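So you can see what is in the structure, the chains are spelled out below.
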Amino acid sequence: MDDSDFRKWSHRASDWSADYRETLAERPVRAQVRPGDIARMIDQTAPENAQDMETIFADFERIIPGGMTHWQHPRFFAYFSSNAAPAAVVAEQLATAIGAQCMLWQTSPAATELEVKMIDWLRQAVGLPDGFGGTFQDTASTATLCAILTMRERALRWTGNKTGLFGQAPLRVYASKGTHSSIDKAMWISGLGQDNLVHIPVDEHGAMQTDLLAEAIIADRKKGHRPAGLVVCVGGTSTGATDDVAALCAVAKEHDLYIHVDAAWAGSAMICPEFRHLWQGIEEADSIVFNPHKWLGAPMECSAHFVRRPEELIRTLAMHPEYLKTYGEEGLVNFSEWSIQLGRRFRALKIWFLLRAYGLDGLRSRIRDHVAWSQNLAERLGNEPDFEITTPPLLSLFSFRYAPAGFDGDLDALNRDLINAINDDGRIYLTQTLHDGRQVIRFTAGSFDMQERDADMAYEVICTIARSLGQEPA
Ligand SMILES: *Cc1c(COP(=O)(O)O)cnc(C)c1O
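Residues numbered from 1 in each chain as written. Predicted model: local features only at pLDDT ≥ 70, side-chain atom pairs only at ≥ 80, totals over all residues. Heavy atoms only, no water.

1. Describing the packing of aromatic side chains
Centre-to-centre distance and the angle between the planes together describe a pair of aromatic rings.
Then comes step 1: The tally for this structure, following the rule as stated, stands at 19 aromatic pairs.
Then comes step 2: Through successive ring pairs, a cluster of aromatic residues spans Phe 77, Phe 387, Phe 398, Phe 400, Tyr 402 and Phe 443.
Then comes step 3: Lying across the ring of Phe 57, Arg 12 places its NZ or CZ 4.7 Å from the centre.
Then comes step 4: Positioned over the ring face of Tyr 459 is Arg 380, at 4.1 Å from the centre of the ring. (Phe/Tyr/Trp six-rings, centres within 6.5 Å; stacked < 30°, edge-to-face > 60°. Lys NZ or Arg CZ within 6 Å of the ring centre and 35° of its normal.)

Below you can see the structure in the form of structure tokens.
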């Protein structure tokens, strides 16, 4: 492809992208393909000779979109949404065209300086105090891994990277049972081990019990273990369980633990001051992650990782081989020293476009709408005699269960059947979770272009399909 072809095909891609967005609502939300359907359409080996772009693009249109679940669909109510706001998509095209590699200030001065600014814009936007620095990691999983590694190094007086963990007392990390699996994975990868992640029991709302945290730390000390850190959850993935940040931070400080807050989903909502009570006390945290690539509108991958003392993160992750030295530029920010990966994308550009193209107020009003529409839907479903709201809305997330009177079969199986029937129907997309050992269905609104009528359709689809269950021949 030469430069004039590039112009032509970039335009084609832009046109396709705009058409895609315009026709999204007509597509089934969840991919309606079976495993292997797509693989069968792809050649077994790479071509020896160049193919023309017409063919390549035609194959893209024929094979790929129909095999995708449409996360930008206005009726995507599953998992947590992952938005790609158009203005941020444009920024991604530009960053990709530049082919930026943002490991050092020298390799990308504008990207580095913009990243410092955008982290600070977001810091202010979510109401964090002055003094927190940060960086954009690819995902919350990576930010959490960085935080667990920092806990490890801090507890080992910065010797772990050199000497490893052999012969050390077990380093203990505390979290509630509702925390995300990325914390378990960080324990595996960091070498601390799954068994040293201590799951503190939760109260009836799913929040970690503060007194039990204190007891667990003291008991571990008695056994000769070394308490290293605490992971606090704000807006848990399953049903939105939220820990008491202020109370837990107080205990953690008393015992000199490093505190990481996982607000991967809920953090975006903190641009609205009225929701900040959910993480009251956040200014005491050492490390905080939230994902602009979830609710805020930035395309994958973009996790804002704030740290109170960047020097601790850098001390954990910075390496200085000769080929990465930039003489005469000491004291500059080199973001590869803040992350696990060396080469890094230019993530700040999409945040810059996003925050300017919609304004904080535009983003706030979307989030407020999503919260209001979810709460309204929960109310309507709760008023239906055969539905039960199993966890009340936390922001825009609630869970429910279909429990028709007089049904004496297996309710878990009935709810699994319901979710499959809803997702096969394709008009909306929902996922399930376990709550108190029971199968429940999650609903969460967060699609950038969702309208109130989409929540209305969810209500209609859920009620109609539930009541048709068992009425057709199996
Ligand atoms: C989504 C989510 C994660 C994982 O986020 P990734 O960016 O996909 O790694 C972690 N914690 C919570 C609470 C989440 O909602």
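2. Section: the domain arrangement of the chain
Then comes step 1: Segmenting the chain into domains produces domain 1 (100-345) and domain 2 (355-468).
Then comes step 2: Here the C-alpha centroids of domain 1 and domain 2 sit 31 Å apart.
Then comes step 3: Taken together, the contact pairs 23 residues of domain 1 with 23 residues of domain 2.
Then comes step 4: Together domain 1 and domain 2 conceal approximately 1,800 Å² of surface at their shared face, both sides included; 73% is due to carbon and sulfur atoms.
Then comes step 5: Between Glu 274 and Arg 368 there is a salt bridge whose closest N-O contact spans 2.6 Å.
Then comes step 6: Remark: the boundary between domain 1 and domain 2 carries six residue pairs in polar contact (both at pLDDT 80 or more).
Then comes step 7: Among the residues forming the side of domain 1 that touches domain 2, the class breakdown is 13 nonpolar, nine polar and one charged. (Domains from an automatic or database assignment. Contact = heavy atoms within 4.5 Å. Buried area = accessible area lost by both parts, 1.4 Å probe. Salt bridge = Lys/Arg side-chain N within 4 Å of Asp/Glu carboxyl O. Polar contact = N/O pair within 3.5 Å; in protein donor to acceptor, adjacent residues only side chain to side chain. Nonpolar A, V, L, I, M, F, W, Y, C, P; charged D, E, K, R; others polar.)

3. Things to note about the site of the ligand
Then comes step 1: The environment of the ligand is made up of 14 residues, and the closest members are Ala 140, Ser 141, Asp 262, Asn 291 and Lys 294.
Then comes step 2: Within the side chain of His 293, a nitrogen or oxygen atom sits 3.3 Å from an oxygen atom of the ligand.
Then comes step 3: One nitrogen or oxygen atom from the side chain of Lys 294 is found 2.8 Å from an oxygen atom belonging to the ligand.
Then comes step 4: Protein coverage of the free-state accessible area of the ligand, which is 380 Å², stands at 88%.
Then comes step 5: Within the residue set of the shell around the ligand, elements represented by two or more residues are α5 (140-155) and α10 (292-296). (Near = heavy atom within 4 Å. Areas by Shrake-Rupley, 256 points an atom, 1.4 Å probe, with all protein chains shown as cover. Helix = DSSP H or I, 4+ residues; strand = E, 2+ residues; numbered from the N terminus.)

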